[in-house]
There are 2 protein chains.
Amino acid sequence: MTFSRRPDLSKTSSKASSRTVSRVRPPREALPPRPSEGISIAGVAEQAGVSVATVSRVLNGHENVRPATRAKVLAAVDASGYRVNELARNLRTAESRLLLTMVPDVGNPFYAEIVRGIDSVARQHGYFMLLCDTGADPGRERSYFDLLRRRRADGAICLDPATIQQALGEASGALPWVACCEFDPAVGVPYVGIDNYRAAGDAVRHLLARGHRRIGLINSDVGYLYARQRQQGYLDALREAGITPNENWRMNLNSLDYEAGASAAAVLAQQAQAPSAIFAVSDTLAIGVIHGLRSVGKRVPDDIAVVGFDDISLAAQVDPPLTTVAQPMRELGETAARLLLQRLANPLANVPGVLLPHRLVIRGST
Amino acid sequence: MTFSRRPDLSKTSSKASSRTVSRVRPPREALPPRPSEGISIAGVAEQAGVSVATVSRVLNGHENVRPATRAKVLAAVDASGYRVNELARNLRTAESRLLLTMVPDVGNPFYAEIVRGIDSVARQHGYFMLLCDTGADPGRERSYFDLLRRRRADGAICLDPATIQQALGEASGALPWVACCEFDPAVGVPYVGIDNYRAAGDAVRHLLARGHRRIGLINSDVGYLYARQRQQGYLDALREAGITPNENWRMNLNSLDYEAGASAAAVLAQQAQAPSAIFAVSDTLAIGVIHGLRSVGKRVPDDIAVVGFDDISLAAQVDPPLTTVAQPMRELGETAARLLLQRLANPLANVPGVLLPHRLVIRGST
DNA sequence: GTGAAAGCGCTAACAC
DNA sequence: GTGTTAGCGCTTTCAC
């Protein structure tokens, strides 16, 4: 196999098994003497007066079982309240039927709809989706990919830029995962997302059309590809309009929280020569921006116009309603899930990268 | 065992295996010929020149292994890139080390912080948390509890009122789960939450102290205990102040979405005799209410004051900032996780119900 | 159409 | 300290 040559960091950790989760199991506190609760397939077989093989066939919907036999088995199943032990089944079939979805922050509403899209497709195909909040913590990110290596999940969909960057660096290319929203086309990992460059350009061109020439950018960390792409879209759109971008109107944040947007906006607006419009690369940021502007006495859009990105459901509810670049969130999730399923079904086929269309939604904030 | 006597509904479903997920496995589409990829513990043992038992001991951090031997094993592990197959381990130990968390809607920010609390405690104890969005869909709710019955998870924390109601009805009392936020003290399921009756009373008393006497209530479905408790708190607080509650100022919604709050508020505000204050039982609703009021030309708080419930991070960001009843979200999650872990460690001990303190946060909306 | 038996990869007695 | 071995509960040849 082609997994990482350097399975984990435990060698370098001093304390015995404090951080070595990926190789040495954490000591379990007083293992309960779990009585082998529940009936097994053998019990059902006995009750039904057939062999375990027959029970298994019925359970798995095989055709070659006489109806009368099938009925006997089903009756025994109902009578005993038997539930298949999937741990055993999965060991035997070497699949867990679990899909991981890694997001940097479940609290960011942008991810909720994407997650729903993934979940619905997964469910349709007999998989459960396991949602993981990486919290942008490298340790957690790593541990989730380890879930894959240790066969607790069959595949993963990653929405966390930080995780993706890291994952691309390591030899995780052989792992069954796909990237969603954040990705690098140059690497061989299947992905789905939007054209961030064009989308950002569209936002800026909208502002230009409204007569703005002093346009600020509140971006996230340019370590992320989407941040670089949106920034480039912003810069190029300005230059195409004959405007030289002003460095003082550009900020890079390491958070997408409302608060981060609010304080950044306050800084931007209180400069001597303040921008007349602000493009924030996320709706959460933009909503914070509106709040921040108001807190320093600026009116939106009269004093300063604001454009966001994502079109979360909240965007239409704030005051003023937010102009924003809509991403097809549900479709992004659905597509990501389908790509992953495709890759799982055929590990060799090279799954394509997919770009979905975005849309500018004009509301009251511009 | 004492699971449900009526394991599932498959008997009553007409189509062969369409809805019989809980007993008959969905047909898998073209099972990939998974080559037994990866090295097993036997391979490591061979490479290290020891027995599988020794490898297992090293992997599980047992003490009785000579340092030299341990080093040999660790070297073989690193060289081979071996990862333990948890499917096998879990089958053997009869535990999955997975905890389920069921929420009705991952998009509702109220749950995000609770989920983080759960996750952090779970993680500290060597468990992974699996987040499930029930979407208030009975089929999905049921399928998640089935995950427990089928041993794919060791325990569950349920935040979905609808699921809890249903779960209490069925004979799922023997399953290892706890209720969080929504619960019924009368039933024997461990729970953690707040005193909804007092909290709602506090909100209303705050409005009364501000001089309001026409106070409306935007509630969710009274099928939920928390909704009934908050309603009762609202009613009693009014009566204690000598006010006869006006039925026209009370609405019950079957959604907590922003939109639902917005349209309800519009209805309430446009009555002949409109309330001068509105208490909404969730911040998402309250934020929608503010938007809805504005859309019909009402100013907050000048024309109508608004109080929410939960204190999600967004509450401080909207305009005007929302007065609300803060729930200790992180602690709710942490406590729920601890209760579950406790129950898992000792299935017989009767785990208590826990009530955590709430707090009224006064901001600009009142 | 049904049963017997092998074995998935691991842990934990039990020997030595 | 270390090795041998018996399962955990299931699916799946291979016989019959």
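Relevant structure appears above.
Below or above, wherever it landed, is the structure these notes cover. (Residues numbered from 1 in each chain as written. Chains lettered and ligands numbered in written order. Predicted model: local features only at pLDDT ≥ 70, side-chain atom pairs only at ≥ 80, totals over all residues. Heavy atoms only, no water.)

This paragraph deals with the protein's contact with DNA strand D. Within the structure, DNA strand D sits among 26 residues, and Ile41, Tyr82 and Arg92 of chain A together with Arg57 and Thr69 of chain B are positioned closest to it. In the environment of DNA strand D, a phosphate oxygen lies 2.9 Å from a nitrogen or oxygen atom belonging to the side chain of Ser56 of chain A. The contact in question runs from a base oxygen of DNA strand D to an N or O atom on the side chain of Arg92 of chain A, over 2.4 Å. Of all elements in the fold, only α2 (52-59) and α4 (86-93) of chain A together with α2 (52-59) and α4 (86-93) of chain B reach the threshold of two or more residues within the surface near DNA strand D. Taken together, the residues that form the surface near DNA strand D break down as 10 nonpolar, nine polar and seven charged. (Near = heavy atom within 4 Å. Polar contact = N/O pair within 3.5 Å; in protein donor to acceptor, adjacent residues only side chain to side chain. Helix = DSSP H or I, 4+ residues; strand = E, 2+ residues; numbered from the N terminus. Nonpolar A, V, L, I, M, F, W, Y, C, P; charged D, E, K, R; others polar.)

Contacts between the two partners involve 84 residues from chain A and, on the opposite side, 85 residues from chain B. Both sides together, the interface formed by chain A and chain B hides about 8000 Å², and carbon and sulfur atoms give 51% of it. Counting across the interface, chain A meets chain B through 14 salt bridges. Taken together, chain A and chain B are joined by 19 residue pairs in polar contact (both at pLDDT 80 or more). (Contact = heavy atoms within 4.5 Å. Buried area = accessible area lost by both parts, 1.4 Å probe. Salt bridge = Lys/Arg side-chain N within 4 Å of Asp/Glu carboxyl O.)

Residue and element names in this part refer to chain A. The full count for this structure, using the stated rule, is 12 aromatic pairs over all chains. Here Phe145 and Trp177 contribute two aromatic rings whose centre-to-centre distance is 5.4 Å and whose plane-to-plane angle is 80°, an arrangement assigned as edge-to-face. In this pair, Phe145 sits in helix α6 (residues 138-149) while Trp177 sits in strand β4 (residues 177-180), placing the two residues 32 residues apart along the sequence. For the pair Phe145 and Trp177, one class covers both residues: buried. Where Phe183 meets Tyr191, the ring centres are 4.1 Å apart and the plane angle is 5°; that geometry is what we call stacked. For Phe183, a relative accessible area of 6% corresponds to the buried category. Positioned above the aromatic ring of Phe309 is the side chain of Arg230, whose terminal nitrogen or guanidinium carbon lies 3.6 Å from the ring centre. (Phe/Tyr/Trp six-rings, centres within 6.5 Å; stacked < 30°, edge-to-face > 60°. Buried < 20%, exposed > 50% of the residue type's maximum accessible area, 1.4 Å probe, protein only. Lys NZ or Arg CZ within 6 Å of the ring centre and 35° of its normal.)

Residues and elements named next belong to chain B. For the pair helix α5 (residues 109-124) and helix α12 (residues 329-345), interaxial distance at closest approach is 7 Å and the crossing angle is 40°. In terms of orientation, α5 and α12 fall into the oblique class. As α5 packs across α12, the resulting crossing turns out to be right-handed. Along the contact surface, α5 presents Phe110, Glu113, Ile114, Arg116, Gly117, Ile118, Ser120 and Val121, while α12 presents Met329, Arg330, Leu332, Gly333, Glu334, Ala337, Arg338 and Leu341. Residues of the contact of α5 with α12, tallied by class, amount to eight nonpolar, three polar and five charged. (Axes fitted to C-alpha atoms, helices over the stretch in contact; angles between N-to-C directions. Parallel < 35°, antiparallel > 145°, perpendicular 65-115°, else oblique. Left-handed = near helix turned anticlockwise from the far one by under 90°.)

The two copies are related by a screw motion: chain A maps onto chain B through a turn of 180° and a shift of 0.1 Å along the axis, at an RMSD of 0.1 Å. These values place the two chain copies in the arrangement generated by a two-fold rotation axis. A share of 100% of interface residues in chain A that are also interface residues in chain B marks the association as one of identical surfaces. (Least-squares fit on C-alpha atoms with pLDDT ≥ 70 in both.)

Another point: unusual backbone geometry. Backbone torsion omega between Asp319 of chain A and Pro320 of chain A reads -5°, so that peptide bond is classified as cis. Here Pro320 of chain A is to be found in the loop between β9 (305-310) and β10 (323-326). That bond from Val300 of chain B to Pro301 of chain B is cis: its omega, 5°, falls within 30 degrees of zero. If you trace the backbone, Pro301 of chain B turns up in the loop between α11 (283-295) and β9 (305-310). Even without glycine at this site, Ala94 of chain A takes up a positive phi of about 60°.

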